[in-house]
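# Structural features, examined
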Amino acid sequence: MIIASIGITTGALGSEAYAEIVGMVALTTLLSPLILERVCRRGMGDDRSGIGGGEEVQSN
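Residues numbered from 1 in each chain as written. Predicted model: local features only at pLDDT ≥ 70, side-chain atom pairs only at ≥ 80, totals over all residues. Heavy atoms only, no water.

Turning to the overall build of the chain, a few remarks are in order. Counting its secondary structure elements, the chain contains two helices and zero strands. Put simply, the chain has 60 residues, and 5% of those count as buried. Counting only carbon and sulfur atoms, one obtains 62% of the accessible surface of the chain, whose full area is about 5200 Å². (Helix = DSSP H or I, 4+ residues; strand = E, 2+ residues; numbered from the N terminus. Buried < 20%, exposed > 50% of the residue type's maximum accessible area, 1.4 Å probe, protein only. Areas by Shrake-Rupley, 256 points an atom, 1.4 Å probe, with all protein chains shown as cover.)

Rendered as structure tokens:
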């Protein structure tokens, strides 16, 4: 966001490019925590969707 702000202030970016950058920053800020939470649950075997994880390994 700081680089995009500098770019629009100096004229290196147009308003359309600035709007796209702001949109991508907002999108990744909102989606990343949701995706990471799901990945971490799957990795710990607490995925409630029933896909992957949760298998117990028996030792001999």
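There is more to say, and it comes next.
A few words now on a nonpolar patch on the surface. Taken together, M24, L27, L31, L34, I35 and V39 make up a surface patch of nonpolar side chains, about 580 Å² in accessible area. Looking at where L31 falls in the secondary structure, it is placed in helix α2 (residues 15-43). According to the relative accessible area criterion, L31 is partly exposed, its value standing at 39%. (Patch = residues over 30% accessible without salt bridge, like charges linked within 9 Å, V, L, I, M, F, W, Y side chains within 5 Å. Salt bridge = Lys/Arg side-chain N within 4 Å of Asp/Glu carboxyl O.)

Moving on, we come to the packing of helix α1 (residues 2-10) against α2. Direction vectors running N to C along α1 and α2 enclose 170°, while the axes themselves pass 10 Å from each other. Here α2 runs roughly antiparallel to α1, going by the angle between their axes. Residues A4, S5 and I8 of α1 form the contact with α2, whose own contacting residues are S15, Y18 and I21. (Axes fitted to C-alpha atoms, helices over the stretch in contact; angles between N-to-C directions. Parallel < 35°, antiparallel > 145°, perpendicular 65-115°, else oblique. Contact = heavy atoms within 4.5 Å.)

Function cannot be read off these values alone, since they describe shape.
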